[in-house]
Amino acid sequence: MQQGQPMIIMGDDAQRVQDKDAQEYNISAARGVAESVRSTLGPKGMDKMLVNSMGDVTITNDGVTILQEMDIDNPTAEMVVEVAETQEDEAGDGTTSAVAIAGELLKNAEDLLEQDIHPTAVIKGFNLASEYAREQVDEVATAVDPDDTETLQNVAETSMTGKGAELDKDVLADLVVRAVQGVTVEADDGSHVVDLANLNIETRTGRAAGESRLLTGAAIDKDPVHDDMPTDFESANVLLLNDPIEVEEADVDTSVNVDSPDQLQKFLDQEEEQLREKVDQIVDSGADVVFCQKGIDDLAQHYLAKEGVLAVRRTKKSDLTFLKNVLGAPIVTDLDSLTADDLAVGSVERDGDEELFYVEGEDAHGVTLLLYGTTDHVVDELERGIQDALDVVSTTVSDGRTLPGGGAVEVEIARRLRDYADSVEGREQLAVEAFADSLELIPRVLAENAGLDAIDLLVDLRAAHEAGDQHAGLDVFAGEVVDTAEAGVVETAHAKEQAIASAAEAANLVLKIDDIISAGDLSTAGGDDEGGAPGGGMGGMGGMGGAM
Ligand code: ADP
Ligand code: MG
């Protein structure tokens, strides 16, 4: 190492790994995680069953869900998990791809390090390649209009393939696209803004996913507080209330002394009076329907029913907020200040079978996706798939660009990167080439996961791209090279840019480390919870770093 290095004083249990050993150690930890999700990539990817310490089972194909549930206890491996989380937050899809590319970058970097290329050169080359690759994504991308329902449905279907949502993907893709279109507005500058706050998902078991529906307005999973209340209104004055319709609690310290039946009666009368007054305030405002976030006293329920008012208590906070968007009404927090201006006009309809209220505002803001699945596990995975598809379609609408899927864009970018590498000086050139190779992992794994000959197909793909076919990608079902854009396998450009950027960043982060100083024992194989020394947590490494 260099001279002038500071002296580091460590405890007895502490361990230190430096230089190549540190890099090797970190690379294998990160690669282990990356490779654990590879088998889920693509329409033919497998699912994973995850059982947590509480015995809860999750069956999923979703990269970020797998990594989050894996409970990874290794700081380097956690960086890879962060790639997946960033990708999920930023793009809602492409998590497996991002993580797999990060792992492949590290694998190829390891080869370069073995050839005595300095990590700094590798990092620099990766940075150049990442930037160039993202510029090229934009070149390869095709513009898409928010009204182009067909393309958007293809985008939704591509993101759903291999997921729980797949079986009914034509029905669901249609719902997803209509849902997104239903909450898209055009901004003054002509760009399109998708407001997902105006979109709610309500899940139900017991029916096939294909029966899922899109509703205008809100679906509220609640019963009326009283059987005698009306439940359907074509045009109702609706009150959204976050104030209990109950007797106000006296101060905890005050005790009420009741000495005679007279006094008791008076006390009860007072309570009744208070409830009556609250109900009158509601009735006087002109409200026909009350969605209350708090409780409603039995007696008040009775009064409200007699007045022909529909009341719902303990409405979920999220539902009340959504109703606020749907109806454009404020949420009233104090009945004493209630006026007619606080009400909004909307229609309310009771679905007795589903035990839901459908609420629609006059100006029709907001939509609800009513998702069905046969069982809880099915509906959970379905919801994850739909949530991703919603994110992907809304990103596509606001970003306005699509890319050919099935590995087409990766092969095209790799080809362009190899041309670009010729112009890069020094050792960095090798890193740019390694970056190109790493992107081609995607078509390779798509083929592998489908039981196809990855090597042959990659040769075919490269040849097609050399011949100028930018859209040549894999049809994993037919096992051949096709124009994937034409075949409807399309992805969103934004997710791809994000995946490339975060994979490169994570790889570089790992490569930059040349010194690991751990307060705990580094070699504790597989022992997740062992060596709880502060800053330990490097245990578990043995399990991750295995040659997967
Ligand atoms: P990720 O978490 O990266 O989104 P997925 O399991 O969703 O992982 O797989 C995405 C990959 O599968 C993309 O490269 C996409 O182009 C590809 N893909 C999706 N549908 C098809 C298809 N019908 N044929 C070929 N490739 C497909
Ligand atoms: Mg996906």
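Source: prediction; values computed, not measured.

What follows deals with the overall build of the chain. Within the chain one finds 17 helices and 21 strands. In the chain, buried positions account for 49% of the 548 residues. Carbon and sulfur atoms make up 44% of the accessible area of the chain, which amounts to about 25200 Å² in all.

The next point concerns the sheet that holds strand S16 (residues 367-373). Strand order across the open sheet formed by 3 strands is S7-S16-S8, with mixed pairing between neighbours. Where the open sheet ends on each side, the last strands, each with one partner, are strand S7 (199-205) and strand S8 (213-216). Ignoring strand direction, the axes of neighbouring strands in this sheet form an average angle of 25°. Summarising the sheet, S8 and S16 pair through 4 bridges and their orientation is antiparallel. Within the sheet, the bridge partner assigned to Arg213 lies in S16 and is Leu370. This element, helix H7 (residues 169-182), spans S7, S8 and S16 of the sheet and lies at about 20° to S8.

This next bit is on the sheet that holds strand S17 (residues 401-404). An order of S4-S17-S20 is seen for the 3 strands of this open sheet, with the pairing classed as antiparallel. Every interior strand has two partners, whereas the edge strands, strand S4 (142-143) and strand S20 (490-492), have only one. Pairing between S4 and S17: 2 bridges, direction antiparallel. Within S17, the residue paired with Thr142 across the bridge is Thr402. Relative to the sheet, helix H6 (residues 149-160) contacts S17 and S20, its axis offset from that of S20 by approximately 85°.

Grouped together as the largest cluster of nonpolar side chains are 74 residues, with contacts concentrated most on Val99, Val122, Phe126, Ile413, Leu417, Phe435 and Leu511. Looking at this core element by element, the count peaks at 10 residues for helix H4 (residues 95-114).

Residues in contact with ligand 1 amount to 22 residues; listed here are only the nearest, Asp93, Thr96, Ser97, Gly406 and Glu491. Within the side chain of Ser97, an N or O atom sits 2.6 Å from an oxygen atom of ligand 1. Between ligand 1 and the protein, one listed contact pairs an oxygen atom with a side-chain N or O atom of Glu491 at 2.4 Å. When the free accessible area of ligand 1 is taken as 580 Å², the share hidden by the protein chains comes to 95%. When contributions to the shell around ligand 1 are tallied by element, the ones reaching two or more residues are H4 and helix H14 (441-449).

On to the pairing of strand S19 (residues 480-483). Sheet topology note: the strand S18 (residues 472-475)/S19 ladder contains 4 bridges and is antiparallel. If you follow Asp475 over to S19, its bridge partner there is Glu480. The hairpin formed by S18 and S19 contains 4 residues between the paired strands, and Gly479 there has a positive phi angle of roughly 75°.

This part takes up the packing of helix H1 (residues 19-38) against helix H3 (residues 75-91). Close contact between H1 and H3 brings their axes to 8 Å; oriented N to C, the two are set at 40°. Of the possible angle classes, the one that applies to H1 and H3 is oblique. Regarding H1 and H3, the two cross each other, and that crossing is right-handed. In this structure, H1 contributes Asn26, Ala29, Ala30, Val33 and Ala34 to the contact, and H3 contributes Thr76, Ala77 and Val80. In terms of residue class, the contact of H1 with H3 is built from 6 nonpolar, 2 polar and no charged.

Moving on to a negative patch on the surface. Residues Asp269, Glu272, Glu273, Glu277, Asp334 and Asp336 make up a contiguous surface patch of negative charge. Position of Asp269 relative to the elements: it lies in helix H8 (residues 261-285).

On to the confidence of the model for the chain. Averaged over all residues, the pLDDT of the chain equals 86, while 88% of them reach at least 70. Under a pLDDT of 50 for its full length, residues 524-548 has, in the predicted model, 48 contacts with residues more than four places off or in other chains.

With that out of the way, let us pick up the pattern of salt bridges. Charged atoms that come close allow side chains of opposite charge to pair. Enumeration over the complete set of coordinates arrives at 28 salt bridges. The salt bridge involving Asp174 is made with Arg178; its shortest N-O contact spans 3.3 Å. Residue Asp174 and its partner Arg178 are both found in helix H7; the two are separated by 4 residues, about one turn of the helix. Here Asp174 falls in the partly exposed class, since its relative accessible area comes to 25%. Judged by its relative accessible area of 39%, Arg178 is partly exposed. Two residues, Glu440 and Arg462, come together in a salt bridge whose shortest N-O distance is 2.5 Å. Placement of the pair is Glu440 in the loop between helix H13 (428-439) and H14 and Arg462 in helix H15 (residues 454-466), with a sequence separation of 22 residues. Exposure remark for Glu440: the relative accessible area of 2% places this residue in the buried category. Take Arg462: its relative accessible area is 37%, and that puts it in the partly exposed class. Each of Glu202, Arg204, Arg207, Glu211, Asp221 and Glu354 takes part in one network of salt bridges that share partners.

Judged by side-chain polarity, Met49, Val51, Val57 and Ile59 come together as a nonpolar surface patch covering roughly 340 Å² of accessible area. Mapped onto the nonpolar patch, the elements with two or more residues apiece are strand S2 (48-51) and strand S3 (57-60). For Ile59, the position within the fold is in strand S3.

With that settled, consider the environment of Lys316. With respect to the helices, strands and loops of the structure, Lys316 is situated in the loop between strand S12 (310-312) and helix H10 (317-327). Spatially, the C-alpha atom of Lys316 lies 9.6 Å from that of Phe291, the residues being 25 residues apart in sequence.

Let us look at the packing of aromatic side chains. Counted under the stated rule, the structure contains 3 aromatic pairs. Relative to Phe435, the ring of Phe126 has its centre 5.8 Å away and its plane inclined at 70°; by these criteria the two rings are edge-to-face. You can see Phe126 sitting in helix H5 (residues 119-140) and its partner Phe435 sitting in helix H13, a full 309 residues away along the chain. Assigned by exposure class, Phe126 and Phe435 land together as buried. Between the aromatic rings of Tyr132 and Tyr420, the centroid separation amounts to 4.0 Å while the plane-to-plane angle is 5°, which identifies the pairing as stacked. Of this pair, Tyr132 sits in helix H5 while Tyr420 sits in helix H12 (residues 408-421); the two residues are 288 residues apart in sequence, bridging distant segments of the chain. Lying over the aromatic face of Tyr303, Arg276 brings its terminal NZ or CZ to 4.6 Å of the ring centre. The ring of Phe357 carries Arg350 above its face, with NZ or CZ at 4.4 Å from the centroid.

Calculation criteria
Residues numbered from 1 in each chain as written. Chains lettered and ligands numbered in written order. Predicted model: local features only at pLDDT ≥ 70, side-chain atom pairs only at ≥ 80, totals over all residues. Heavy atoms only, no water. Helix = DSSP H or I, 4+ residues; strand = E, 2+ residues; numbered from the N terminus. Buried < 20%, exposed > 50% of the residue type's maximum accessible area, 1.4 Å probe, protein only. Areas by Shrake-Rupley, 256 points an atom, 1.4 Å probe, with all protein chains shown as cover. Pairing = 2+ DSSP bridges. Axes fitted to C-alpha atoms, helices over the stretch in contact; angles between N-to-C directions. Contact = heavy atoms within 4.5 Å. Core = buried A, V, L, I, M, F, W, Y, C linked by side-chain atoms within 4.5 Å. Near = heavy atom within 4 Å. Polar contact = N/O pair within 3.5 Å; in protein donor to acceptor, adjacent residues only side chain to side chain. Parallel < 35°, antiparallel > 145°, perpendicular 65-115°, else oblique. Left-handed = near helix turned anticlockwise from the far one by under 90°. Nonpolar A, V, L, I, M, F, W, Y, C, P; charged D, E, K, R; others polar. Patch = residues over 30% accessible without salt bridge, like charges linked within 9 Å, V, L, I, M, F, W, Y side chains within 5 Å. Salt bridge = Lys/Arg side-chain N within 4 Å of Asp/Glu carboxyl O. Lys, Arg positive; Asp, Glu negative; His and termini not counted. Charge placed at Lys NZ, Arg CZ, Asp CG, Glu CD. pLDDT = per-residue confidence, 0-100. Phe/Tyr/Trp six-rings, centres within 6.5 Å; stacked < 30°, edge-to-face > 60°. Lys NZ or Arg CZ within 6 Å of the ring centre and 35° of its normal.

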